[in-house]
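# Per-entry structural report
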Amino acid sequence: MDVSNTGRKTLLLTGASRGIGHATARKFGAEGWRVIGCSRQAFSPDCPWPGGADDHVQVDLSDPKLTMEAVSRIKTLLNGAPLNALVNNAGISPKGPDGARLSTLDTDLRSWGEVFHVNFFASVVLARGLQEELSLGKGSIVNVTSIAGSRVHPFAGAAYATSKAALAALTREMAHDFGPLGVRVNAVAPGEVETSILSEGTDKIVANLPMRRLGQPAEVANTIYFLCSEQSSYVSGTEIEVNGAQHV
């Protein structure tokens, strides 16, 4: 076991390079956690958490074979240490020309497959492949779903929305299956959050939100951290809406 990481809790985070993922890595790093990040992108020196480059796994989660290979690399990085949290944050939402929403009528079948591999199947592969390490750490799994998983959204495409709905259902199933291993499983469903992938016209949605503002990535990250902390030690199988009451 790597002595330098003994005593520190460890987070495995997908989609770590931007937006909610970046804020989550910042939060856990500030709390003293070791953060192992997974991203399609190479590690950026702009990322402020310590050990980031050494604990970065570059992987395309849309490829099942590469995702399974990533599990072996993560096990090597852990080197026998427990995994205390797995946050399945990676997600893709393909758009049509000029950023148009892709519906069930015009989404290419290959795009459906890529979206579900990243947004849904990767969560299964990582959790199942790392079940021993998660059990050893009495870990917490957090799946990042979306408000689009429960209603038709003006910008989120059909493939994205249905993959997030499936991920919410998976959260329930995983909570049942991983509970006997001492592992809790929950979901966080963000609404309109201020990131680089916001669609044009989001301001019209925000104008009708009860709280009349966009959410911040750090606000989602704080909720994720709560679900991975002892403060939520008897919370499992739930989905927390983080959307300023957009869902009401």
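Relevant structure appears above.
Summary of the structure given here. (Residues numbered from 1 in each chain as written. Predicted model: local features only at pLDDT ≥ 70, side-chain atom pairs only at ≥ 80, totals over all residues. Heavy atoms only, no water.)

Quick look at the sheet that holds strand 2 (residues 34-39) now. Sheet strands pair via backbone hydrogen bonds, and the direction of the pair is either parallel or antiparallel. The seven strands lie next to each other as 3-2-1-4-5-6-7, forming an open sheet whose pairing is parallel. One side of each edge strand has no neighbouring strand; the edge strands of this open sheet are strand 3 (56-58) and strand 7 (239-242). On average, adjacent strands in this sheet sit at an angle of 15° to one another, irrespective of strand direction. Relative to strand 5 (residues 140-144), strand 4 (residues 85-88) is paired through four bridges, and the arrangement is parallel. Directly across from Val 87, in strand 5, lies its bridge partner Val 142. (Pairing = 2+ DSSP bridges. Helix = DSSP H or I, 4+ residues; strand = E, 2+ residues; numbered from the N terminus. Axes fitted to C-alpha atoms, helices over the stretch in contact; angles between N-to-C directions.)

By size, the foremost hydrophobic cluster in this structure holds 32 residues, and its most contacted members are Leu 12, Ile 74 and Ile 141. Elements represented by at least two residues in this core include exactly strand 2, helix 2 (64-78), helix 3 (109-129) and helix 5 (158-178). With seven residues, the top contributor of residues to this core is helix 3. Filtering out sequence-adjacent residues up to four positions away, Leu 12 remains in contact with Ile 36, Cys 38, Ile 74, Leu 83, Ala 85, Leu 86, Val 87 and Leu 130. Of all hydrophobic cores here, the second largest spans 20 residues; its members include Leu 13, Val 35, Ala 85 and Val 142. (Core = buried A, V, L, I, M, F, W, Y, C linked by side-chain atoms within 4.5 Å. Buried < 20%, exposed > 50% of the residue type's maximum accessible area, 1.4 Å probe, protein only. Contact = heavy atoms within 4.5 Å.)

Axis separation between helix 3 and helix 5 bottoms out at 9 Å; the angle between their running directions is 15°. As the angle between them shows, helix 3 and helix 5 are arranged roughly parallel. Relative to helix 5, the crossing made by helix 3 is right-handed. Listed contacts from helix 5 to Trp 112, Val 115, Phe 116, Asn 119, Phe 120, Ser 123, Val 124, Ala 127 and Arg 128 of helix 3 are Ala 158, Ala 159, Tyr 160, Thr 162, Ser 163, Lys 164, Ala 166, Leu 167, Leu 170, Met 174 and Phe 178. Among the residues making up the contact of helix 3 with helix 5, the classes are represented as 14 nonpolar, four polar and two charged. (Parallel < 35°, antiparallel > 145°, perpendicular 65-115°, else oblique. Left-handed = near helix turned anticlockwise from the far one by under 90°. Nonpolar A, V, L, I, M, F, W, Y, C, P; charged D, E, K, R; others polar.)

Moving on: the pairing of strand 4. The alternating pattern of strand 4 places Ala 85 and Val 87 on one face and Leu 86 and Asn 88 on the opposite face, and all of these are buried. Pairing between strand 1 (residues 10-14) and strand 4: three bridges, direction parallel. Bridge pairing in strand 4 links Leu 11 to Ala 85.

Counting across every chain of the model gives six aromatic pairs. Consider the rings of Phe 28 and Tyr 225, whose centres lie 5.0 Å apart with planes at 75°: the pair is edge-to-face. In this pair, Phe 28 sits in helix 1 (residues 19-30) while Tyr 225 sits in helix 7 (residues 217-227), placing the two residues 197 residues apart along the sequence. Note on accessibility: Phe 28 and Tyr 225 belong to one class, buried. (Phe/Tyr/Trp six-rings, centres within 6.5 Å; stacked < 30°, edge-to-face > 60°.)

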